[in-house]
Amino acid sequence: GNSVTQMEGPVTLSEEAFLTINCTYTATGYPSLFWYVQYPGEGLQLLLKATKADDKGSNKGFEATYRKETTSFHLEKGSVQVSDSAVYFCALRRGSQGNLIFGKGTKLSVKP
Amino acid sequence: DTEVTQTPKHLVMGMTNKKSLKCEQHMGHRAMYWYKQKAKKPPELMFVYSYEKLSINESVPSRFSPECPNSSLLNLHLHALQPEDSALYLCASSQDPQQGSYEQYFGPGTRLTVT
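Just so you know, these numbers come straight off a predicted model, no measurement behind them.

Colleague: Outline the overall build of chain B, listing residues and values.
Modeller: Of regular secondary structure, chain B possesses zero helices and 11 strands. Moving toward the C terminus, one meets the helices and strands of chain B in the order β-β-β-β-β-β-β-β-β-β-β. A globule of 115 residues ought to have a C-alpha radius of gyration of about 13 Å, and chain B, at 13 Å, matches this closely. For chain B, the C-alpha atoms occupy an extent of roughly 40 × 25 × 20 Å along the three principal directions. Within chain B, the proportion of its 115 residues that are buried is 49%. Long-range pairs, those at least 24 residues apart, make up 55% of the contacts in chain B with a sequence separation of at least 6. When the 12 basic and 11 acidic side-chain charges of chain B are each reduced to a single mean position, those positions are 9 Å apart.

Colleague: Now, about the overall build of chain A: what can you tell me, with residues and values included?
Modeller: In terms of regular secondary structure, chain A is built from zero helices and 12 strands. Traced from its N-terminal end to its C-terminal end, chain A shows the element sequence β-β-β-β-β-β-β-β-β-β-β-β. Expected size for 112 residues packed as a compact globule is a radius of gyration near 13 Å; at 13 Å, chain A falls within 12% of this value. Here the C-alpha coordinates of chain A stretch approximately 45 × 30 × 20 Å along the principal axes. For chain A, contacts bridging at least 24 residues in sequence account for 56% of all contacts bridging at least 6. Surface accessibility of chain A: about 5200 Å² in total, with carbon and sulfur atoms responsible for 47%.

Colleague: Can you tell me about the sheet that holds strand E9 (residues 75-77) of chain A, naming the residues and giving the values?
Modeller: Residues and elements named next belong to chain A. In space, the four strands of this open sheet follow the order E3-E9-E8-E7, with antiparallel pairing throughout. Looking along the sheet, the strands with just one partner apiece sit at the ends: strand E3 (19-21) and strand E7 (56-59). When the angles between neighbouring strand axes are averaged without regard to direction, this sheet yields 15°. The pairing of strand E8 (residues 62-65) with E9 spans three bridges and is classified as antiparallel. Following the sheet pairing, Phe-62 is matched in E9 by Lys-77.

Colleague: Any chance you could break down the interface of chain B and chain A for me, citing the residues and the numbers?
Modeller: On the chain A side, the residues contacting the 24 residues of chain B number 21 residues. Contact between chain B and chain A buries roughly 1600 Å² in total, counting both sides, with carbon and sulfur atoms accounting for 53%. Viewed at the interface, chain A and chain B are joined by one salt bridge. The residue Glu-103 of chain B makes a salt bridge to Lys-49 of chain A at a minimum N-O spacing of 2.6 Å. For the pair chain B and chain A, the number of links is six residue pairs in polar contact (both at pLDDT 80 or more).

Colleague: Go over the state of the cysteines, please, and point to the residues and values.
Modeller: Residues and elements named next belong to chain A. In total, this model carries two disulfides over all chains according to the counting rule given. Each disulfide pairs two cysteine sulfurs, and for Cys-23 the partner residue is Cys-90, the sulfurs being separated by 2.0 Å. One disulfide, between Cys-23 and Cys-90, carries an S-S torsion of -65° and so falls in the left-handed class. Of this pair, Cys-23 sits in strand E4 (residues 23-26) while Cys-90 is found in strand E10 (residues 86-93), placing the two residues 67 residues apart along the sequence.

Colleague: Talk me through the pattern of salt bridges; I want residue IDs and the actual numbers.
Modeller: All names here are of chain B. Summed over all chains, the structure comprises eight salt bridges over all chains. Across the pair Lys-22 and Glu-24 runs a salt bridge, and its minimum N-O distance is 3.9 Å. Classification of Lys-22 as partly exposed rests on a relative accessible area of 37%. With a relative accessible area of 25%, Glu-24 lands in the partly exposed category. Each of Lys-36, Arg-63 and Asp-85 takes part in a single network of salt bridges with overlapping partners.

Rules and cut-offs
- Residues numbered from 1 in each chain as written.
- Chains lettered and ligands numbered in written order.
- Predicted model: local features only at pLDDT ≥ 70, side-chain atom pairs only at ≥ 80, totals over all residues.
- Heavy atoms only, no water.
- Helix = DSSP H or I, 4+ residues; strand = E, 2+ residues; numbered from the N terminus.
- Rg over C-alpha atoms; globule rule 2.2 N^0.38 Å.
- Buried < 20%, exposed > 50% of the residue type's maximum accessible area, 1.4 Å probe, protein only.
- Contact = heavy atoms within 4.5 Å.
- Lys, Arg positive; Asp, Glu negative; His and termini not counted.
- Charge placed at Lys NZ, Arg CZ, Asp CG, Glu CD.
- Areas by Shrake-Rupley, 256 points an atom, 1.4 Å probe, with all protein chains shown as cover.
- Pairing = 2+ DSSP bridges.
- Axes fitted to C-alpha atoms, helices over the stretch in contact; angles between N-to-C directions.
- Buried area = accessible area lost by both parts, 1.4 Å probe.
- Salt bridge = Lys/Arg side-chain N within 4 Å of Asp/Glu carboxyl O.
- Polar contact = N/O pair within 3.5 Å; in protein donor to acceptor, adjacent residues only side chain to side chain.
- Disulfide = S-S within 2.5 Å.

This is how it looks when you write it as structure tokens:
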């Protein structure tokens, strides 16, 4: 079946540190891949997406590259800010199936 | 405009009450979703509406009853809930239910507490 595995959190970084959150997936065919972010007390916001192999999604300094050979979609940011503190979810969606399949989420805390 | 709105923001209800959650989008999206999210967990899909017809019900108990009156509006009717139903209920929409590449846009959620 389809599944998403994210690195366990929480992740605690100092401001301006480099961020990597690992995400790997299992799926047949060619899923679309997404990163969503959830700030405390809020809904999910789409951060970035990639729809085919070697696509790079980017937004607000965050990047992730769809790697089919390693079935990965790792999230990176070169310099995190306190305002990036949130829970990050990796997700996939296949074709005509309606639902997103989420990883368990990774909580990021950035200290000044 | 990529906004999905949900009302109310917070809801406290007793186990014998009947209440409804409302979701609205004006992006012309033809797929709408209800998710349930417990604390420190990812969202879990409950229902999917595709072109205003229920297309997926993830074995949700009948005390949750969805309704899609038109392409912009999605309701979730609640009746005889249990305390374990307390959670954040998220609504989402996407452009085309048949295309997996289209992202889902989420509302801010309704925080439900069942007493």
